[in-house]
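# Coordinate analysis (summary)
Take a look at the letters that make up each chain.
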Amino acid sequence: MNRVQVAPPRRSGFRPPTLQTLSEAVAANVAEIKARTRSTIMAVVKADGYGHGAVTVAKAAVAAGAGWLGTTSVAEASALRAAGLAVPILTWLHPCGIDAEAAAATRVDVAVGSVDELGVLLAQAASTAASAVRVHLHMDTGMSRGGCPRGQWDELTALARRGQQARRIRVVGVMGHLPLADRADPAANAPAVAGMREAWQAVRAAGLGSPLAHLAATSGTLTDRATHFGMVRVGAGLVGIDPSETVELHGASRLTAPIVHTAAVPAGTPVGYAGAYVTDRATHLSVLPVGYADGIPRECSRQAGVEIRGRRFPVVGRVSMDQIVIDTGTESFSAGTSATVFGPGGGATPTIHDWARWAGTIPHTIVTGLGPRVKRSIA
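Residues numbered from 1 in each chain as written. Predicted model: local features only at pLDDT ≥ 70, side-chain atom pairs only at ≥ 80, totals over all residues. Heavy atoms only, no water.

### Overview of the layout of surface pockets
- Roughly 700 Å³ of internal volume is contained in the largest pocket.
- Secondary-structure elements contributing two or more residues to the lining of the largest pocket are α2 (46-50), α9 (218-223), β9 (231-234) and α11 (363-368).
- For the lining of the largest pocket, the residue count by class is 16 nonpolar, eight polar and six charged. (1 Å grid on protein atoms, 1.4 Å probe; cavity = no way out; pocket = protein on both sides within 12 Å on 5 of 7 lines; lining within 4 Å. Points joined across faces, edges and corners; volume = space filled by probe spheres on them. Helix = DSSP H or I, 4+ residues; strand = E, 2+ residues; numbered from the N terminus. Nonpolar A, V, L, I, M, F, W, Y, C, P; charged D, E, K, R; others polar.)

### Considerations on the side chain of Arg-81
- Relative to the assigned elements, Arg-81 resides in helix α4 (residues 74-82).
- Asp-109 provides the closest opposite charge to the buried, unpaired Arg-81, separated from it by 6.5 Å.
- A polar contact is formed between the side chain of Arg-81 and the backbone oxygen of Val-87, at a distance of 2.7 Å.
- Beyond its immediate sequence surroundings of up to four residues, Arg-81 is in contact with Ala-86, Val-87, Pro-88, Ile-89, Thr-106 and Arg-107. (Buried < 20%, exposed > 50% of the residue type's maximum accessible area, 1.4 Å probe, protein only. Lys, Arg positive; Asp, Glu negative; His and termini not counted. Salt bridge = Lys/Arg side-chain N within 4 Å of Asp/Glu carboxyl O. Polar contact = N/O pair within 3.5 Å; in protein donor to acceptor, adjacent residues only side chain to side chain. Contact = heavy atoms within 4.5 Å.)

### What to know about helix α7 (residues 153-165)
- With 13 residues, α7 should cover 18 Å at 1.5 Å per step; its first-to-last C-alpha distance of 18 Å lies within 8% of that length.
- Buried within α7 we find Trp-153, Leu-156, Thr-157, Leu-159, Ala-160 and Gly-163. Looking straight down α7, one finds its buried side chains confined to an arc of 160°; they lie on one side. Of the exposed residues in α7, the ones pointing more than 90 degrees away from its buried face are Asp-154, Arg-162 and Gln-165.
- Buried residues along α7 sit in contact with β5 (108-112), α6 (115-127), β6 (133-138), β7 (169-175) and α8 (186-205). (Expected span 1.5 Å × (residues − 1). Arc of directions from axis to C-beta.)

### A look at the pairing of strand β10 (residues 253-258)
- With five of its six residues buried, β10 lies for the most part within the structure.
- In this structure, strand β1 (residues 18-21) lies alongside β10, joined through four bridges in antiparallel fashion. Counterpart to Thr-21 in the pairing with β10 is Ser-253.
- Here β10 pairs with strand β18 (residues 338-342) via four bridges, running antiparallel. Looking at the pairing, Leu-255 lines up with Phe-342 of β18. (Pairing = 2+ DSSP bridges.)

### Some words on helix α1 (residues 23-34)
- Compared with the 16 Å implied by 1.5 Å per residue over 12 residues, the 17 Å span of α1 between its first and last C-alpha is a close match.
- All of the buried residues in α1 are Ala-25, Val-26, Asn-29, Val-30 and Ile-33. Buried residues of α1, seen end-on, are gathered within an arc of 140° and therefore sit on one face of the element.
- For α1, the elements touching its buried residues are β2 (40-44), α3 (54-63), α9 and β9.

### A closer look at the pairing of β1
- Alignment of β1 against strand β19 (residues 375-378), held across four bridges, turns out to be parallel. Among the inter-strand pairings, Thr-18 is bridged to a residue of β19, identified as Lys-375.

### Let's talk about the packing of aromatic side chains
- The tally for this structure, following the rule as stated, stands at two aromatic pairs.
- Ring centres of Phe-313 and Phe-333 lie 5.6 Å apart, and the angle between their planes is 75°; on these two criteria the pair is classed as edge-to-face. Within this pair, whereas Phe-313 is found in strand β16 (residues 311-316), its partner Phe-333 is found in the loop between β17 (324-329) and β18, the two being separated by 20 residues in sequence. For the pair formed by Phe-313 and Phe-333, the shared burial category is buried.
- Across from the ring centre of Trp-92, 5.6 Å away, lies the NZ or CZ of Arg-233, which sits over that ring. (Phe/Tyr/Trp six-rings, centres within 6.5 Å; stacked < 30°, edge-to-face > 60°. Lys NZ or Arg CZ within 6 Å of the ring centre and 35° of its normal.)

### With respect to the nonpolar core
- Membership of the largest hydrophobic core comes to 97 residues, with the highest contact counts inside it found for Val-133, Trp-153 and Trp-355.
- No other element matches α8, which puts six residues into this core.
- The contacts of Trp-153, once residues within four sequence positions are left out, are Leu-137, His-138, Met-139, Cys-148, Val-174, Ala-199, Ala-202 and Val-203.
- Within the second largest apolar cluster, eight residues are counted, among which are Trp-68, Leu-90, Met-175 and Met-231. (Core = buried A, V, L, I, M, F, W, Y, C linked by side-chain atoms within 4.5 Å.)

### A look at unusual backbone geometry
- You will see that Asp-48, though not glycine, has its phi angle at about 55°, which is positive.
- Inspection of the secondary structure puts Asp-48 in helix α2.
- Judged by its relative accessible area of 42%, Asp-48 is partly exposed.
- Backbone geometry places Ala-184, a non-glycine residue, at a positive phi of 55°.
- Structurally, the position occupied by Ala-184 is in the loop between β7 and α8.

### As for the pattern of salt bridges
- For the structure shown, the criterion picks out 11 salt bridges.
- Close ionic contact of Arg-281 with Asp-280 constitutes a salt bridge, the shortest N to O distance being 3.2 Å.
- Taking the shortest distance from any N to any O, the salt bridge between Arg-312 and Asp-354 comes out at 3.9 Å. Of this pair, Arg-312 sits in strand β16 while Asp-354 sits in helix α10 (residues 352-359), and the two are 42 residues apart along the sequence.
- When salt bridges that share partners are traced, they join Asp-280, Arg-281 and Asp-327 into one network.

This is the structure we're talking about:
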């Protein structure tokens with residue numbers, strides 16, 4: 001019997017769509033924040049480090065001087081521990097509840113924002129935790145999306161005192177959130193600052209010592225020293241996003257993709273689904289293998305573009321699930337040519353802020369929406 005010989009596939013040599021995290025930019029942002037506060041800096045690396053890689057961002061931030069890390073769950077915190085990060089870690093959203101045993105075993109602090117939540121934690125700790133769980137009491141300072149209401153704060157602190165006396169927990173922190181910090185107006189923050197002071201004083205009065213207080217995230221850290229207390233929690237700022245738009249930070253990532261197809265087309269050529277764009281001249285069209293499944297906003301304006309060899313070229317037609325098309329005019333680029341979808345900024349390179357403006361959203365959604373098909377690398 002004759003066997004059919006199948007040749008092995010030839011490698012194209014293309015560099016796949018890649019998000020490169022720029023560790024030096026994270027370090028530069030931490031340095032900028034350190035210059036604006038005397039408080040300890042917590043590097044918040046939730047949502048996989050705002051899409052930049054939680055371990056990568058955490059290591060860069062700690063090396064630059066961050067003294068704490070913040071995550072959404074004990075499981076996320078445990079992954080940081082497994083990566084060798086030994087600084088204190090706080091977790092406060094608990095989407096799957098609090099695992100008291102894991103928190104105690106991995107030396108991870110947990111925030112508790114209700115009497116019921118603390119009761120469940122104390123019951124767990126009584127039967128499973130080998131050592132006292134480190135707890136931050138969370139007051140609702142104006143967000144109404146978590147945290148203990150002021151009217152129940154005394155009940156929470158009383159229960160915490162009993163739990164601490166029983167050596168099930170140890171209260172080491174008090175926290176809240178600033179609902180209006182993006183306005184960069186200290187007067188808007190004043191009610192939350194007053195609530196934080198009230199909460200901290202009540203904890204002291206309950207005999208729980210003088211725990212670490214923390215209220216400010218990136219915007220408050222950059223614009224209002226009165227919000228700083230003993231620690232500030234910086235997440236978006238690590239990767240170059242200032243929601244208050246008052247401080248120019250360093251973009252910490254670069255997304256590139258190769259051209260995979262190029263065609264010369266005449267005027268009047270419809271592009272993409274429904275022919276939403278029609279060429280008005282003879283031109284060249286190139287395809288990049290990234291789409292809305294990879295985090296490219298489907299609804300973006302006609303100003304959207306990418307950079308190739310120092311020039312910006314527009315995205316044309318509808319964004320597809322897996323592809324975008326760019327109009328390169330008289331330029332014809334060969335397959336494999338690299339395009340920068342976004343980067344740190346400067347010249348023709350779009351930033352995540354540009355993409356957010358083109359899509360009518362915030363830069364946070366651009367970086368956290370990047371899909372798993374995008375390769376990750378570190379610079």
